[in-house]
Amino acid sequence: MLCTLWSPMAQAAELVVRLSHVVAPDTPKGLMATRFQQLVAQASEGRIRVDVYPDSQLYGDDDEMEALQLGAVEILAPSLSKFGVAGAPGFDVFDLPFLFDTLAQVRCVTQGRIGQELLQGLARQQMVGLGFLDNGFKQMSAPRPLLQAADFKGLRLRIQASRVLAAQMRALGAYPVVLPFGETRRALAEGVVDGAENPLSNFLTQGLAPVQRAVTLTHHGYLGYAVVANPRFWTSLDDGDRALLQRALNQALAEGNARAAALNARALTTLKQTPGLQVHSLSAAQRTALRRAVQPVHADFARRVGTPLLRDVKNLCLGGISG
């Protein structure tokens, strides 16, 4: 039960901050959380302690947002997909397939005006938005290469709970199956789903290679996170402690963003050398055809959320591209 409430009187001699996440410690998010823990300990000389709970040890995909809102945990770093389901549909823009081509384009959004407005809007969902973290671009894994839309037909593909991601899979002829991240490997091993989309660092650290035959470097979507705090906890801090935590987090996020691309590059090298796993790449024509197949997903987003956000992303960060 999510009944533990944070109390400013609970710690007299030291402040304990619980940070929960759902992935392994050696992923971009896991490493960021550990670095944040270290930086806070150093800056506060041990007076503030960040307790990190990885791998869904405290809460998983299904209940971590509720835990934060109830005060059962102080800080989370959920994937951006979760915020649309939680009532902030603007975050769905990050799920749009084949919208971003480079991390520089993504960071133009997350580090600029658009990103700050999205974070500030989380106050309506009882969260304090503190910053963004990259994982990287998602690739597809399945029993076969996924080089064209026909290859997706009939496959059951694991996704996060996201209206955009579900529409993406249906547009390609696949069946979207919503599952918590921690259950993905078991679901693949037992045939509950046929494949999934992941950055390569997640694919590697979750040990998915033994249960998937093919990885296709589709580079079709972005996976990132927003670090959020419980508002009662955050406002209860004095100005000095709040500034200390924000500075430490900003540094941890900057280091984490610099590290994410390197982790995915190393994962690609490892996976190419993994026996029994085939790594495939899209040709320019195949990528263009897949991009065309999912354009209805973009049109649905514009109808549902409104055109100004997507227009701003394209004009400010994508060079005003159409489509």
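Residues numbered from 1 in each chain as written. Predicted model: local features only at pLDDT ≥ 70, side-chain atom pairs only at ≥ 80, totals over all residues. Heavy atoms only, no water.

### With respect to the overall build of the protein chain
Heads up, the condition is: Numbering of helices and strands runs from the N terminus, with a helix taken as a DSSP run of H or I at least four residues long and a strand as a DSSP run of E at least two residues long. For the radius of gyration, the atoms used are the C-alpha atoms, and the globule rule reads 2.2 Å times the number of residues raised to 0.38. Note on exposure labels: buried denotes an accessible area under 20% of the residue type's maximum, exposed denotes more than 50%, and partly exposed covers the range between, all computed with a 1.4 Å probe on protein chains only.
The number of helices and strands found in the protein chain is 14 helices and 9 strands. In terms of overall dimensions, the protein chain is globule-like: its C-alpha atoms have a radius of gyration of 20 Å, near the 20 Å expected for 323 residues. Projected onto its principal axes, the C-alpha coordinates of the protein chain cover approximately 60 × 45 × 35 Å. Residues counted as buried form 54% of the 323 residues belonging to the protein chain.

### Looking at the state of the cysteines
Threshold: Any two cysteine sulfur atoms lying within 2.5 Å of each other are counted as a disulfide.
Under the definition given, this model contains 1 disulfide. Put simply, C108 and C317 are joined by a disulfide, and their sulfur atoms are 2.1 Å apart. On the S-S bond that ties C108 to C317, the torsion sits near -75°, and the link is left-handed. Here C108 is found in helix 4 (residues 103-110), whereas its partner C317 is found in helix 14 (residues 307-317), with 209 residues between them in sequence. Judged by its relative accessible area of 31%, C108 is partly exposed.

### What about the pattern of salt bridges?
Oppositely charged side chains can form a pair if their charged atoms are brought close together. Where we set the bar: Salt bridges are defined by distance alone: a side-chain nitrogen of Lys or Arg within 4 Å of a carboxyl oxygen of Asp or Glu.
Considering all chains together, one arrives at 22 salt bridges under this definition. Residues E255 and R35 are paired through a salt bridge, measuring 2.8 Å at the closest nitrogen-oxygen approach. Note that E255 is positioned in helix 11 (residues 239-272) and R35 in helix 1 (residues 28-44), a separation of 220 residues in sequence. Exposure remark for E255: the relative accessible area of 32% places this residue in the partly exposed category. Accessibility expressed as a relative area gives 23% for R35, which makes it partly exposed. Among the ionic pairs, D92 bridges to R304, the shortest N-O distance being 3.1 Å. Of this pair, D92 sits in the loop between helix 3 (81-85) and helix 4 while R304 sits in helix 13 (residues 295-305), and the two are 212 residues apart along the sequence. Owing to a relative accessible area of 3%, D92 belongs among the buried residues under this scheme. Here the residues in one salt-bridge network are D92, R163, D300, R303 and R304, joined through shared partners.

### Topic: the packing of helix 7 (residues 163-171) against helix 13
Axes are the key here: two packed helices are described by the angle between their axes and the distance separating the axes. Inclusion rule: Angles shown run from 0 to 180 degrees and are taken between the N-to-C directions of axes, each axis being a line fitted to C-alpha atoms and, for helices, limited to the stretch in contact. Roughly parallel covers angles under 35 degrees, roughly antiparallel covers those over 145, roughly perpendicular covers 65 to 115, and oblique covers all other angles. Definitions for this section: a left-handed crossing has its near helix turned counterclockwise from the far helix by less than a right angle. A right-handed crossing has that turn clockwise. We call two residues contacting when some pair of their heavy atoms lies within 4.5 Å. Gly is put with the polar residues, along with every residue not named as nonpolar or charged; the nonpolar set is Ala, Val, Leu, Ile, Met, Phe, Trp, Tyr, Cys and Pro, and the charged set is Asp, Glu, Lys and Arg.
Direction vectors running N to C along helix 7 and helix 13 enclose 150°, while the axes themselves pass 9 Å from each other. Here helix 7 is positioned roughly antiparallel relative to helix 13, judged by the angle of their axes. Read as a crossing pair, helix 7 and helix 13 show a hand that is right-handed. Contacts from R163, V164, A167, Q168 and A171 in helix 7 reach V297, D300, F301 and R304 in helix 13. Looking at side-chain class alone, the contact of helix 7 with helix 13 contains 5 nonpolar, 1 polar and 3 charged residues.

### Things to note about unusual backbone geometry
Apart from glycine, the bulk of residues carry a negative phi angle, and the bulk of peptide bonds sit in the trans form. Despite not being glycine, D55 shows a phi value in the positive range, around 55°. Take D55: it is sitting in the loop between strand 2 (48-53) and helix 2 (64-70). Phi is positive for Q126, close to 60°, though the residue is something other than glycine. On the secondary structure map, Q126 appears in the loop between helix 5 (113-121) and strand 4 (128-142). Residue classification places Q126 among the partly exposed positions, given a relative accessible area of 46%.

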